[in-house]
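# Examining the three-dimensional arrangement
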Amino acid sequence: LGLIYVEGGNYALAQKHVMEAIRWNPLYANAYYLMGEIHSKRNGFAAAKKAYEQATRYGQFGNRKWVGLAHYRLASLEEMSGRVQWAQKNYQLAYYYSKEGIPGLKEKVSGLDLSDQTLKEIVASWVFERNYFRERGDELLGQKRYPEALRFYQAARMIAPNDAVS
């Protein structure tokens, strides 16, 4: 529903539904992307940047195209603030996740290293590791937020299925 309300310009209702989706699944990268879009439309660029960052950090649990779009939007915000190196890295990540699906991306990545090895290294340095998800699960468990904690423990287990600690 959040997407429908964003496309219709009803950002208050969109935000309500996207927040509900995040409450049910705090790892839902697509919802964070939509939250970034909502904040961008309302000129809340700091909040948009934070939401896009969350979408990109949880990228392994989201739709590749939307994660690519989140990196593209984040790169645009970084570019506007003069952080060229971070913008370039996010453009490379947008390319990794969504090579053909983002208008204007080819121009942005022109001249950047798009080799498989480089892109995989950037992705590995960008996404959260197993320990983050386990520690966040512990934190949520301590707050008695059991369903959310469970999702973070499940994420840790998905990342490292053979690790007994996860």
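Below is a summary of the structure that appears in this document. All of these numbers come straight from a predicted model, not from anything done at the bench. (Residues numbered from 1 in each chain as written. Predicted model: local features only at pLDDT ≥ 70, side-chain atom pairs only at ≥ 80, totals over all residues. Heavy atoms only, no water.)

## Some thoughts on the overall build of the protein chain
Counting secondary structure elements, the protein chain contains ten helices and zero strands. For the protein chain, the residues scored as buried account for 40% of the 166 residues in total. Within the protein chain, contacts between residues separated by at least 24 positions form 53% of all contacts whose residues are at least 6 apart in sequence. Here the protein chain displays about 9,100 Å² of accessible surface, and carbon together with sulfur accounts for 52% of that area. Here the protein chain carries 23 positive and 17 negative side-chain charges, and the mean point of each set is 5 Å from the other. (Helix = DSSP H or I, 4+ residues; strand = E, 2+ residues; numbered from the N terminus. Buried < 20%, exposed > 50% of the residue type's maximum accessible area, 1.4 Å probe, protein only. Contact = heavy atoms within 4.5 Å. Areas by Shrake-Rupley, 256 points an atom, 1.4 Å probe, with all protein chains shown as cover. Lys, Arg positive; Asp, Glu negative; His and termini not counted. Charge placed at Lys NZ, Arg CZ, Asp CG, Glu CD.)

## A word on the nonpolar core
Formed by 47 residues in total, the largest nonpolar core has its most connected members in Tyr33, Tyr58, Leu105 and Phe133. Per-element tally for this core: the top contributor is helix α5 (residues 64-80), with eight residues. Every residue in contact with Phe133, bar those within four places of it in the chain, is listed here: Leu27, Tyr58, Gln60, Phe61, Phe128, Phe152, Tyr153, Ala155, Ala156 and Ile159. (Core = buried A, V, L, I, M, F, W, Y, C linked by side-chain atoms within 4.5 Å.)

## Comments concerning helix α8 (residues 116-126)
When α8 is considered as a whole, its buried residues turn out to be Thr118, Leu119, Ile122, Val123 and Trp126. Taken around the axis of α8, the buried residues stretch over an arc of 135 degrees, which confines them to a single face. Facing away from the buried side of α8 by more than 90 degrees, the exposed set consists of Asp116, Gln117 and Lys120. If you follow the buried residues of α8, they end up packed against α4 (45-57), α5 and α6 (84-97). (Arc of directions from axis to C-beta.)

## Topic: the layout of surface pockets
What the largest pocket holds in volume is close to 160 Å³. Lining the largest pocket are Met19, Ile22, Tyr32, Met35, His39, Ala47, Lys50, Ala51 and Gln54. Elements with a contribution of two residues or more to the lining of the largest pocket: α2 (11-24), α3 (29-41) and α4. The element contributing the most residues to the lining of the largest pocket is α4, with four residues. Here the lining of the largest pocket is built from residues that sort into six nonpolar, two polar and one charged. (1 Å grid on protein atoms, 1.4 Å probe; cavity = no way out; pocket = protein on both sides within 12 Å on 5 of 7 lines; lining within 4 Å. Points joined across faces, edges and corners; volume = space filled by probe spheres on them. Nonpolar A, V, L, I, M, F, W, Y, C, P; charged D, E, K, R; others polar.)

## Topic: the packing of α2 against α3
Put simply, α2 and α3 touch, their axes get as near as 9 Å, and they point 155 degrees apart. As the angle between them shows, α2 and α3 are arranged roughly antiparallel. With respect to the hand of their crossing, α2 and α3 are arranged in left-handed fashion. Here Tyr11, Ala14, Gln15, Val18, Met19, Ala21 and Ile22 of α2 lie close against α3, whose contacting residues are Ala31, Tyr32, Leu34, Met35, Ile38, His39 and Lys41. In terms of residue class, the contact of α2 with α3 is built from eleven nonpolar, two polar and one charged. (Axes fitted to C-alpha atoms, helices over the stretch in contact; angles between N-to-C directions. Parallel < 35°, antiparallel > 145°, perpendicular 65-115°, else oblique. Left-handed = near helix turned anticlockwise from the far one by under 90°.)

## Notes on the packing of aromatic side chains
Describing an aromatic ring pair means giving the distance of the ring centres and the angle of the ring planes. By the definition in use, this model includes 13 aromatic pairs. Geometrically, the ring pair formed by Tyr32 and Tyr58 is edge-to-face, given 5.6 Å between the ring centres and 65 degrees between the ring planes. Placement of the pair is Tyr32 in helix α3 and Tyr58 in the loop between α4 and α5, with a sequence separation of 26 residues. With a relative accessible area of 12%, Tyr32 lands in the buried category. Taking relative accessible area as the criterion, Tyr58 reaches 2% and is therefore assigned buried. Summarising the aromatic geometry, the rings of Tyr58 and Phe133 are spaced 5.9 Å apart at their centres and angled 40 degrees between planes, so their arrangement reads as tilted. With Tyr58 in the loop between α4 and α5 and Phe133 in helix α9 (residues 130-142), the pair connects residues that are 75 residues apart, well separated along the chain. Over the aromatic face of Trp126 sits the side chain of Arg57, whose NZ or CZ is 4.2 Å from the ring centroid. Sitting over the face of the ring of Trp86, Lys89 holds its NZ or CZ atom 5.4 Å from the ring centroid. (Phe/Tyr/Trp six-rings, centres within 6.5 Å; stacked < 30°, edge-to-face > 60°. Lys NZ or Arg CZ within 6 Å of the ring centre and 35° of its normal.)

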